[in-house]
Amino acid sequence: MASSVHAMRTSTLETLGLGSVFEIFQRGRLPVDTDALVDKVFGPAGSRGALVISGASGIVGAGKVLQLGARLQPYGVPIVGLDFPNAPDGLSPKFNALVSTFGRDRAAEMFSNVIRLNYDGKTLPAALAHFRPKVLVEAIPEILEVKKAHYAMFRAAYPEIEIRSVTSGFPSRELGVGIAHPAFPHEINKIYETVEQTSSDINRLLWALGLVPMPVSDHWSFVLDVLFCGVTNASLRYAGATNVPYWKVDKFVRKYFGPNPLRAHDAIGAKGANFLTWSCLHHLHANYGDLFEPTEDLTERKDTGQNWYPPNHFRPLVDFAMAGDDEEVFQTWVGGALIQMTALMLVEQRSHLTQMNAIGELCAQFRQGVLASIRSLGAEKAIARVKAYHALHPAAASSAWHPAVLERINTPEWQQLYVNAEHDGTVGVISLSRESYSHDVDAELNRAIDWLKAAKIERVILSGDFHLSTQMVGADTTAFFPALDKVEAGQSVSEGWSRTSRRLHDEFTVSVGVITGKRCLGGMLELMTHCHFVVALDSTQLGFPEVTLPVVPGMEGCHWPFRKATRGQQPKLLSLLLGGRPVAAAQATGWLVDFAGSMDAVLSTAWNLANGKDAGVSRRAFESGAMSGLPTDVAGLPAAGSQATTVARKAIVDTVVASCGVPVAEALAVQALHSAKFMVTDACTRGVVGGEYAKTMKV
């Protein structure tokens, strides 16, 4: 980063050698070109070398064939899937899934560059040479000596080949190759934990293809499996100490932390998943001590492959809720272990803190990342919880406990896990590293604005971070759970988040919201519309899906966009709110966004607007007074389909009329009350949010 640019913390892009978000806008283009990277890694067009995926019929290998093959197909890169001739066919089901999603023709096109070859595990097929292998992605079983022999075989035949292992446990130094450890589900999850000596073109190509590589340090089991295997083992220890059935423990883990670790093992396939978890813990135990020692029941099920969940008809017979100090005991067994494991990873500097936190959320399915959770708890209480855990499990106290590292909790890196800010003295850039808006994001966004205002920055760009937030999906609906019971809780969320959004309009001379991901929906779109200008990639899908949940938009979506639209444009906004269907940004120019175009055009337009230069885009007028004559009906809406949708549509229309019908100074409170009152209705509590609340919290 140039010395004249100041940042709250390091951008995660810099871990890939891609510079900062600020520099992307300053340059007016992305830091790398996909075509050029494909040429570097696989050779020039017309003579591309192959990507070989060994173990291609397994769960991981087949997922990577699908994911990488679809992305590299337009560039003519052959994908060679290599496996034993008698290996279970994991690829055909992937193709059938593509057919159901994209249709047979598109699925066939995506698979058109996939070649399957068989081998005996000892010698490579002669036909492989025809495809000139450039990169090997190894997805064979987690047996160290077998992996090493596999690499030796490939290097003997193709000395220049680049090798990456998808291992979930072995360090690069043990394997002798780089690592690209993918998260599950392998065909859709874009996260790769990568270990390399220096940031490579392969890593940058993954990023350019729309995937999310996250460099991590070369330690046993990486971040994801320390967290996922760790929470599994801690859950089993709690089950053993309390005699709570496995399935019920799993429900408690989901309620208080987010994942369903035991259900996930069964869903993946208990035989393979149990072995992988045991293997990771076995090696962690050997290197770090009894904190990670696999439980006896995990070791047993590693050998038997038995599922953790019993048949459904057994569960209601033993159902019960926590009572007394049960919750505290549970939090001690599971939360205490997680805090200790996280402290170890912090001491080892396993990853950029934002990435470590995101891996927990995006891969291990924690509702709140472990670092954000520890931050909410506070260092003193976190240390006390681990000490209480040691009282229950004394063996864990003997090693791998580093309480002093939790004192870093007040550093910018830990305080700004989701929101970063940069500036050059004139223009500020705020970047969001989370795809859904939450209380954590809200607090960090306020701190970022405060930081820029303290530096006297009057011009700002608000954007995703071009790394972890590949899309913006709206508000984190778990934040609404308290509002299902209390109107006051709904008002608090709506008013608080709306006040933060208004700061982008009220406290800067110029604010530019930039939308470049696949979609921007709900609360995130409401946030962006508070900027003076909104510019978007022309293909980005924009929408308000709240009516389908159903909820009433609570971040001023029912009046703020209407105040920037003409009478003739307002029915389009109402249609977007009532229909729940998104619209491409190219079709929303002039009434929802101010400019839509290619990536380079969006970046340069945003930069010029923020710098006060002529960008050919006029600032739309904003009506701050009371408005009348708002549309209450629009033609062409799809059929409601349910009574809940009908009720939600009426509630949204009522909110539009009421919040637009008062001056903007009063509209925030009006919309917040309408939104909050709808949250406690049967339509909402029996809808998607209410159903998720009942399934997650009422156990």
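Note that this is a predicted model, so its numbers are computed, not measured. (Residues numbered from 1 in each chain as written. Predicted model: local features only at pLDDT ≥ 70, side-chain atom pairs only at ≥ 80, totals over all residues. Heavy atoms only, no water.)

## Brief notes about the pairing of strand S6 (residues 162–165)
Quick reminder of the rule: In this analysis, strands are considered paired if DSSP registers two or more bridges between them. Helix and strand assignments come from DSSP, with helices taken as H or I runs of at least 4 residues and strands as E runs of at least 2, each series counted from the N terminus. If you view a crossover with the strands going away from you and the path from the first strand over the helix to the second runs clockwise, you call it right-handed.
Strand direction decides the pairing type here: strand S5 (residues 133–138) and S6, joined by four bridges, are parallel. Among the inter-strand pairings, Glu138 is bridged to a residue of S6, identified as Ser165. Remark: the S5/helix H6 (residues 144–157)/S6 crossover connection has right-handed handedness. Bridge analysis of S6 against strand S7 (residues 178–182) gives two bridges, and the strand direction is parallel. Across the sheet, Arg164 pairs through a bridge with Gly178, a residue of S7.

## Thoughts on the sheet that holds strand S18 (residues 541–543)
Note the following rule: Note on contacts: a residue pair is in contact if any heavy atoms of the two residues lie within 4.5 Å. Axis definition: a line fitted to C-alpha atoms, limited for helices to the stretch in contact. Angles are taken between N-to-C directions and run from 0 to 180 degrees.
Overall, mixed pairing links the three strands, which are arranged S16-S18-S19 in an open sheet. Each end of this open sheet is capped by a strand with a single partner; those strands are strand S16 (519–521) and strand S19 (583–584). Note: S16 against S18, three bridges, orientation parallel. Along S18, the bridge assignment pairs Cys520 with Leu542. Along the sheet, helix H21 (residues 522–529) makes contact with S16 and S18, crossing S16 at roughly 90°.

## Observations regarding the packing of aromatic side chains
Applicable threshold: Centre distance within 6.5 Å is the pairing criterion for rings of Phe, Tyr and Trp, where only the six-membered ring of Trp is used; planes under 30 degrees apart are then read as stacked, over 60 as edge-to-face, and the remainder as tilted. Throughout, exposure labels follow a simple rule: accessible area from a 1.4 Å probe, protein chains only, divided by the maximum for the residue type, with under 20% read as buried, over 50% as exposed, and the rest as partly exposed. We count a charge as sitting over a ring when the NZ of a lysine or the CZ of an arginine lies within 6 Å of the ring centre and within 35 degrees of the ring normal.
The full count for this structure, using the stated rule, is 16 aromatic pairs. Arranged with centres 6.0 Å apart and planes meeting at 50°, the rings of Phe257 and Phe330 form a pair that is tilted. With Phe257 in the loop between helix H10 (246–256) and helix H11 (261–268) and Phe330 in helix H14 (residues 326–347), the pair connects residues that are 73 residues apart, well separated along the chain. On the accessibility criterion, Phe330 (0% relative accessible area) is buried. Through a chain of ring-to-ring contacts, three or more aromatic side chains come together here, namely Tyr238, Phe252, Tyr256, Phe257 and Phe330. Over the ring of Trp308 we find Arg301, and its NZ or CZ is 4.6 Å from the ring centre. The aromatic ring of Trp278 is capped on one face by Lys302, whose charged end is 4.1 Å from the ring centroid.

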